[in-house]
Amino acid sequence: MTKVRPFGLTYVVGDATVAKLQPASGVHASMEAQAFGWLTFGLAPVARPARGTSVLVTKRSEGDVDGRSAADAAMDRYAAGDDAAFALVYDALAPRLYGYLVRQTREVPRAEDLLQQTMLQIHRARSSFIAGAEVTPWAFAIARRLLVDSVRRGRREALGVEGEPDPGASPEPLADEWVAARDLAKRVDSVLAKLPQSQRQAFELIKNEGLSVAEAAQVLGTTVAAVKLRAHRAYEALRGALGDVIGGFEGGNP
Amino acid sequence: MSTQGPSADLRARVLAAASAEPMPTRSAGLVRRAAVVAVGMVLSLLVLAYIGGPQPDGRPIAYFLTIAALWTGVVLVASWAGVGRGKSMLGRPASMRWIVAALTPAALVVATLLAGLCWPATISEPSTIHDHLLCIELGSLMAIGPLVAFAFVRRDSDPVAPRLTGAAVGAVAGAWGGLFIELRCGHCSVEHVVLGHVVPVVVFALAGALIAGSVISVRHHK
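Keep in mind that this is a model prediction, so the values were computed, not measured.

(A) Structural context of the overall build of chain A. Looking only at helices and strands, chain A has 10 helices and 3 strands in total. Ordered by position from the N terminus, the helices and strands of chain A form the series β-β-β-α-α-α-α-α-α-α-α-α-α. The buried share of chain A, reckoned over its 254 residues, is 44%. Of all intrachain contacts in chain A linking residues separated by at least 6 positions in sequence, the fraction that spans at least 24 positions is 63%.

See below:
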């Protein structure tokens, strides 16, 4: 089984038990379907996460305690004086932040540096953490700010889709389906790269990182309506650019 | 582009770095922030005491008490909305911070006009450029303590719109300086209050956006 990641989702290719190209990560397929008509793409969501998937996006409900995420509860404990809880905060946040930062920087060492800085910022805010506050949008906002700052410092290299090594690529021989899916991933990346930053970020925070629209609005410092509009425009751009693929899937003939 | 999770080595590095830089708990931080704000306020109050302390200075007592109550109310509400973060680590909505930065000076002017309506003789009380400049200087001096204290309270705290937060914090600090000088200054014409007591609020809002914003912003630490 080979996995590629157009739309920031993991698509499973070559699995006889599912369709030829299906989203298989834990991203909120139902939310997407409601908000953006995602399923009109003809890509049915898979209920189970793909085994061995390299995508570490988790559902909001996983680890929730009394309606609060594991990260929220752990940060509360850390702020209250439980030193060991910072490891739990890290474990709850780091995979999602890392995925976001790798996708944004296309550079693992820089993503690791920014993740470290983000987690240390969270650590430094221990004394000012507000009891009951949500950690996830705050953490993404910190990561985004540090990322923007690093770009401003001129450390960002031009985003390049072509010829970029994919660390999650399978060493197996390329099958036609894998090549097609990989081409699709490149096309999606290419379309996203051409979008205005505001649209791309709104789209990625919701689709890739699994944030709610309200959380994405907090991270981006704008209104819910603006985020919905930006994400919708990004979606429409993708839909327009990938119409042939969508049509092929909807016709059952990819 | 697919992503593996962060390495175990990175996790160990982050946890080690956090351990090497112990941070106070929430309760200890609260005490520390309260102490810093108290020090900032005491410094301003010392300046106020040095220049004579709160006094009507020729103004009707009832007018003085009314204007003091109105300005104090405006400043406290602005402090709550502009410096506090509410229940979110990302602070209060941007619209609220805009309101604090833009409308705090206007609210102070309105408070003065309301008091002036009750005591019409105060509205046209004469004052000079020298009076205006003296109040600008003293009011600004008494706003510095609150500004530094509030910037300390909010340092490294805003990853989204630090300049807007800086403007709100600056306006609040300027309003505290304006309140202190209002308690001392005997000139109560609208012209003098606007030029001598409220203009510094606007100036501090701009200074907050430019200077405090960089302190309030989340920054890369080496």
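Next, the rest of the story.
(B) Here's a closer look at the overall build of chain B. Broken down by element type, chain B carries 7 helices and 0 strands. In sequence order, chain B lays out its α and β elements as α-α-α-α-α-α-α. C-alpha extents for chain B along the principal axes are approximately 75 × 35 × 30 Å. Counting the 222 residues in chain B, one finds 44% classified as buried.

(C) The interface of chain B and chain A, seen in detail. Of the residues lining the interface, 34 residues belong to chain B; the matching set on chain A comes to 50 residues. Elements supplying a minimum of two residues to the side of chain B that touches chain A: α1 (8-20) and α2 (26-50) of chain B. The dominant element in the side of chain B that touches chain A, judged by the number of residues it contributes, is α1 of chain B, at 7 residues. Classifying every residue of the side of chain B that touches chain A by side-chain character gives 17 nonpolar, 10 polar and 7 charged.

(D) Just the confidence of the model for chain B, in detail. Residue and element names in this part refer to chain B. For chain B, the mean per-residue pLDDT works out to 93, and 98% of the residues sit at or above 70. Across chain B, element-level confidence peaks in α2 with a mean pLDDT of 97 and bottoms out in helix α7 (residues 190-216) with 92. Across the interface, the model reports ipTM at 0.89; the global pTM reads 0.75.

(E) Structural detail: the confidence of the model for chain A. On average, residues of chain A score 69 in pLDDT, and 60% of them are at 70 or above. Within the model, pLDDT remains below 50 along residues 156-173 of chain A, and this stretch shows 21 contacts once partners closer than five positions in the same chain are excluded.

(F) Representation of the nonpolar core within the structure. Among the nonpolar cores identified, the biggest contains 108 residues, and Val89, Leu101 and Ala143 of chain A together with Ala171, Val172 and Ala175 of chain B are the most heavily contacted of them. The element contributing the most residues to this core is helix α6 (residues 162-184) of chain B, with 13 residues. Those residues in contact with Leu101 of chain A, other than ones at most four positions away along the chain, are Ala111, Leu114, Leu115, Ala143 and Leu147 of chain A.

(G) Examining the environment of Leu70 of chain B more closely. Residue and element names in this part refer to chain B. Examined against the element boundaries, Leu70 turns out to sit in helix α3 (residues 61-82). On the neighbour-count criterion, Leu70 (18 C-beta atoms within 10 Å) is partly exposed. Here the alpha-carbon distance between Leu70 and Arg33, two residues 37 residues apart in the chain, equals 27 Å. With residues up to four places along the chain from it excluded, the contact list for Leu70 reads Ala111, Leu114 and Ala115.

(H) Quick peek at the packing of helix α4 (residues 108-124) of chain A against α1 of chain B. Two numbers describe how α4 of chain A lies on α1 of chain B: the axes approach to 10 Å, and their chain directions differ by 35°. When you trace α4 of chain A past α1 of chain B, the crossing you get is right-handed. Residues Glu112, Leu115, Gln116, Met119, Leu120 and His123 of chain A of α4 of chain A touch α1 of chain B, and the partners they reach there are Leu10, Arg13, Val14, Ala17 and Ala18 of chain B. Here the contact of α4 of chain A with α1 of chain B is composed, by residue class, of 7 nonpolar, 2 polar and 2 charged.

(I) Representation of unusual backbone geometry within the structure. Residues and elements named next belong to chain B. One non-glycine residue, Asp57, adopts positive backbone phi at about 50°. The exposure class of Asp57 is partly exposed, given the 13 C-beta atoms found within 10 Å. With a phi close to 55°, Asp156 is a non-glycine residue in the positive phi region. Take Asp156: it is sitting in the loop between α5 (129-153) and α6.

(J) Local environment of α3 of chain B. Residue and element names in this part refer to chain B. Here α3 is 22 residues long and its end C-alpha atoms lie 31 Å apart, about the 32 Å a rise of 1.5 Å per residue gives. Residues of α3 that are buried: Phe64, Ile67, Trp71, Val74, Val75, Ala78, Ser79 and Gly82. Down the axis of α3, the buried set is contained in an arc of 135°. They therefore lie on one face. Exposed residues on α3 whose side chains face more than 90 degrees from its buried face are Ile61, Ala62, Ala69 and Gly73. Elements in contact with the buried residues of α3: α4 (94-118) and α6.

(K) Up close: the environment of Phe64 of chain B. Its place among the elements puts Phe64 of chain B in helix α3. A sequence separation of 118 residues divides Phe64 of chain B from Glu182 of chain B, and the C-alpha atoms of the two residues are 9.0 Å apart.

(L) Looking closely at helix α2 (residues 70-80) of chain A. Of the positions making up α2 of chain A, those classed as buried are Ala71, Asp72, Ala74, Met75, Asp76, Tyr78 and Ala79 of chain A. Each element contacted by the buried residues of α2 of chain A is listed here: α3 (85-105) and α5 (136-152) of chain A together with α2 of chain B. Looking at the residues trailing α2 of chain A, positive phi occurs at Gly81 of chain A, about 125°.

(M) How the structure looks around the packing of α2 of chain B against α5 of chain B. All names here are of chain B. Interhelical geometry of α2 versus α5 gives an angle of 175° and a closest axis separation of 8 Å. Judged on the interaxial angle alone, α5 and α2 are roughly antiparallel. Seen from α2, the contacting residues are Arg33, Val36, Val37, Val39, Gly40, Met41, Leu43, Ser44, Val47 and Leu48; seen from α5, they are Leu141, Met142, Gly145, Pro146, Val148, Ala149, Phe152 and Val153. Tallied by class, residues from the contact of α2 with α5 come to 14 nonpolar, 3 polar and 1 charged.

(N) Quick look at the environment of Ser27 of chain B. On the secondary structure map, Ser27 of chain B appears in helix α2. Expressed as a C-alpha distance, the spacing of Ser27 of chain B and Ser214 of chain B, which sit 187 residues apart in the sequence, is 26 Å.

The rules behind each value
- Residues numbered from 1 in each chain as written.
- Chains lettered and ligands numbered in written order.
- Predicted model: local features only at pLDDT ≥ 70, side-chain atom pairs only at ≥ 80, totals over all residues.
- Helix = DSSP H or I, 4+ residues; strand = E, 2+ residues; numbered from the N terminus.
- Buried ≥ 20, exposed ≤ 12 C-beta atoms within 10 Å, placed from the backbone.
- Contact = placed C-beta atoms within 7 Å.
- Nonpolar A, V, L, I, M, F, W, Y, C, P; charged D, E, K, R; others polar.
- pLDDT = per-residue confidence, 0-100.
- Core = buried A, V, L, I, M, F, W, Y, C linked by C-beta atoms within 7 Å.
- Axes fitted to C-alpha atoms, helices over the stretch in contact; angles between N-to-C directions.
- Left-handed = near helix turned anticlockwise from the far one by under 90°.
- Expected span 1.5 Å × (residues − 1).
- Arc of directions from axis to C-beta.
- Parallel < 35°, antiparallel > 145°, perpendicular 65-115°, else oblique.

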